[in-house]
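Summary of the model geometry
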Amino acid sequence: MHASKEDVIRRYFGELFGEGRLALVDELLHPDYVNHSPSPGLPPGRAGVRVVVAALRSAFPDLSYAIEDLVIGADAVATRTVMRGTHRGDFFGLPPTGRTIAVPQMTIERFAEERIIAHHRLTDEASLMRQLSS
């Protein structure tokens, strides 16, 4: 594969989440991948990522991530992103509002064998809910 960490991260946010290309889960995420910040009720492995991507893309068909900062370390990448989209479908029980969102997030992706093996995420969920309810 020989992809750089930056390439993997850009594909992760751009193609996997932004375009909904679920086939990339196995390519970008290590078989032993663990999400240390899973959504409630979802498995912490690659199967949970498939569910989250599909749910986000259904709720926000125009979903995109702007990478504001990208810090590459020896075995990890830290990012500061802004998740954007228009709420057009069910979002974990919240019916579509038609509102647009811009939600800050920070993630740390740990790498093994050129793939993401561990994920930590902090999302400004209060901002997300304010934007969807105001």
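Provided above is the structure to which this section pertains.
In this report, the structure presented in the accompanying data block is examined.

Procedures and definitions
Residues numbered from 1 in each chain as written. Predicted model: local features only at pLDDT ≥ 70, side-chain atom pairs only at ≥ 80, totals over all residues. Heavy atoms only, no water. Salt bridge = Lys/Arg side-chain N within 4 Å of Asp/Glu carboxyl O. Helix = DSSP H or I, 4+ residues; strand = E, 2+ residues; numbered from the N terminus. Buried < 20%, exposed > 50% of the residue type's maximum accessible area, 1.4 Å probe, protein only. Pairing = 2+ DSSP bridges. Axes fitted to C-alpha atoms, helices over the stretch in contact; angles between N-to-C directions. Contact = heavy atoms within 4.5 Å.

Looking at the pattern of salt bridges
Summed over the entire model, instances satisfying the criterion amount to nine salt bridges. Taking the shortest distance from any N to any O, the salt bridge between Arg50 and Asp26 comes out at 2.6 Å. With a gap of 24 residues between them, Arg50 in helix 3 (residues 46-59) and Asp26 in helix 2 (residues 24-28) connect regions that are remote in the sequence. Relative accessible area serves as the criterion here: at 30%, Arg50 is assigned to the partly exposed category. By sharing partners, the salt bridges in this structure join Arg11, Glu15, Arg21 and Glu27 into a single network.

Quick notes on the sheet that holds strand 3 (residues 76-86)
Taken together, the five strands give an open sheet; going across it, the order is 1-5-4-3-2, and neighbouring strands pair in mixed fashion. Lying at the two open borders of the sheet, with one neighbouring strand each, are strand 1 (29-35) and strand 2 (64-72). Neighbour-to-neighbour, the strand axes of the sheet open up by a mean angle of 25°, direction not taken into account. As judged from the three bridges shared by strand 1 and strand 5 (residues 115-123), these two strands associate in the parallel manner. Bridge pairing links Asn35 to His119 in strand 5. On top of the sheet, helix 1 (residues 5-17) reaches strand 1, strand 2, strand 3, strand 4 (100-112) and strand 5; it is set at about 165° to strand 2, its chief contact.

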